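# Fold and geometry: a report
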Amino acid sequence: MFAVATGLSVSTYGKSYELRVKAVPRKCYKARVFRAKHVTKSAGVSNAQGAKLTEQLGELWTKNSKQEPEDLEKLVQEIEDLSKELGTNKIVPELNDGKFEASAISGRLKKVTAMDAGLTMGGLTFNTVAPQDLKLAYRPLNSPPLFKGEREGVPNAYTLTSSFSVPDKGLAGFCEMVGTYELDKENPQRMHVAFTEVLITPDFEGMSGQQREAALASWLEVLGEQNQPNAVDRSTGRIKLSLAKPAPATLDLLVMVPGWQMTRSNFGSVALLRETKSA
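### Description of a negative patch on the surface
- Taken together, the side chains of Glu-68, Glu-70, Asp-71 and Glu-73 present a region of like negative charge at the surface.
- Along the chain, Asp-71 turns up in helix 3 (residues 69-86).

### Let's talk about the pairing of strand 14 (residues 270-275)
- In terms of burial, strand 14 is largely enclosed, as six of its six residues are buried.
- Residues Val-270, Leu-272 and Arg-274 line one face of strand 14 and the alternating positions Ala-271, Leu-273 and Glu-275 line the opposite face, and both faces are buried.
- Examined bridge by bridge, strand 5 (residues 98-106) and strand 14 share six bridges and lie antiparallel to one another. Of the residues in strand 14, the one forming a bridge with Ala-102 is Leu-273.
- From the end of strand 13 (residues 260-265) to the start of strand 14, which pair antiparallel, there are four residues, and Gly-268 there has a positive phi angle of about 90°.

### Comments concerning the confidence of the model for the chain
- Taken over all residues, the pLDDT of the chain has a mean of 83, while the share at 70 or more is 79%.
- Averaged over each element, pLDDT in the chain is lowest for strand 1 (residues 2-6) (36) and highest for strand 11 (residues 190-202) (97).
- Overall, residues 1-43 carries pLDDT values under 50, and its contacts beyond four positions in sequence, including any with other chains, amount to 139 contacts.

### Quick look at the nonpolar core
- Grouped together as the largest cluster of nonpolar side chains are 43 residues, with contacts concentrated most on Tyr-158, Phe-164, Phe-195, Ile-200 and Trp-219.
- When contributions to this core are tallied by element, the ones reaching two or more residues are strand 5, helix 6 (121-124), strand 7 (135-138), strand 9 (154-166), strand 10 (171-183), strand 11, helix 7 (209-222) and strand 12 (239-257).
- In terms of residue count, strand 12 provides more of this core than any other element does, eight residues in total.
- For Phe-164, the residues in contact, after removing those within four places along its chain, are Met-121, Leu-124, Leu-136, Ala-137, Arg-139, Ala-172, Gly-173, Phe-174, Cys-175, Ile-200 and Trp-219.

### Quick look at the pattern of salt bridges
- In total, this model carries nine salt bridges according to the counting rule given.
- Where Arg-139 meets Asp-203, a salt bridge forms, and the shortest distance between an N and an O atom there is 2.9 Å. Separated by 64 residues along the polypeptide, Arg-139 in the loop between strand 7 and strand 8 (146-151) and Asp-203 in the loop between strand 11 and helix 7 bring together distant segments of the chain.
- A salt bridge links Glu-197 to Lys-240; its shortest N-O distance comes to 3.9 Å. Pair noted here: Glu-197 is in strand 11 and Lys-240 is in strand 12, with a separation of 43 residues, a long-range link.
- For Lys-240, a relative accessible area of 40% puts it in the partly exposed group.

### Examining the packing of helix 2 (residues 47-63) against helix 3
- The interhelical angle for the contact between helix 2 and helix 3, taken along N-to-C directions, is 155°, at an axis separation of 10 Å. Considering the angle they form, helix 2 stands roughly antiparallel to helix 3. Where helix 2 crosses over helix 3, the handedness of that crossing is left-handed. Taken together, the residues of helix 3 that come into contact with helix 2 (itself represented by Gln-49, Lys-52, Leu-53, Gln-56, Leu-57, Glu-59, Leu-60 and Lys-63) are Leu-72, Leu-75, Val-76, Glu-78, Ile-79, Leu-82, Ser-83 and Leu-86.
- Of the residues that constitute the contact of helix 2 with helix 3, the class distribution is nine nonpolar, three polar and four charged.

Quick notes on the rules
- Residues numbered from 1 in each chain as written.
- Predicted model: local features only at pLDDT ≥ 70, side-chain atom pairs only at ≥ 80, totals over all residues.
- Heavy atoms only, no water.
- Patch = residues over 30% accessible without salt bridge, like charges linked within 9 Å, V, L, I, M, F, W, Y side chains within 5 Å.
- Areas by Shrake-Rupley, 256 points an atom, 1.4 Å probe, with all protein chains shown as cover.
- Salt bridge = Lys/Arg side-chain N within 4 Å of Asp/Glu carboxyl O.
- Lys, Arg positive; Asp, Glu negative; His and termini not counted.
- Charge placed at Lys NZ, Arg CZ, Asp CG, Glu CD.
- Helix = DSSP H or I, 4+ residues; strand = E, 2+ residues; numbered from the N terminus.
- Buried < 20%, exposed > 50% of the residue type's maximum accessible area, 1.4 Å probe, protein only.
- Pairing = 2+ DSSP bridges.
- pLDDT = per-residue confidence, 0-100.
- Contact = heavy atoms within 4.5 Å.
- Core = buried A, V, L, I, M, F, W, Y, C linked by side-chain atoms within 4.5 Å.
- Axes fitted to C-alpha atoms, helices over the stretch in contact; angles between N-to-C directions.
- Parallel < 35°, antiparallel > 145°, perpendicular 65-115°, else oblique.
- Left-handed = near helix turned anticlockwise from the far one by under 90°.
- Nonpolar A, V, L, I, M, F, W, Y, C, P; charged D, E, K, R; others polar.

Dropping the structure here:
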């Protein structure tokens, strides 16, 4: 198994987030690399060139948590240069949407998504959900954290999901940052993202009866009473709030080939995305 730290970051009001950690079976990784070697031909890339690029992407994915920053930066630069040479450093609409695992490679993003990085409810939700100073801890997420595509009738939805616990209270939940994306009209590499809504949902998995009722009561005491009454579903604990103003981010595509994407944010952070096909 590979232990893979995942995440993607945007910032507003000086806040950034987020992290996921996912175990990836070795055989699944090898199958994806094998498939990717052959599909890049559809983007006008030869099998040999495509194989080299996707092998480098796979190498970056598996070595991210093990290599020294200098070695990673060198590999990122090699990938970026090859992608530019092959013309795979621009957005291809038919490849853009999907569900993706994400790994923070370098820059500010990697620092703020480290396992020992401090996390608060305010930092996780762009100062939207109260209490903003509530201390949280990252948890593994067992599903792809990034979704791009149609959601509830919105064609260009962009959703980031993270999982957290409230250590002092014995609670856990999920955070969805919901927004939209727009392709830049002049720069074929660039995508603009604007987050407008946050959903916080408790995780009561494995609980039933009185145990679940007690956990819901505790959740509502910690979070439900601190937020607008009409934003809280007291039967489930779900909290849905609109951001005071959209939280923007700009992403430049360094690589976009079937199965893989690599981006650089307007904060200079590099993230590697690996598509997860629906079962």
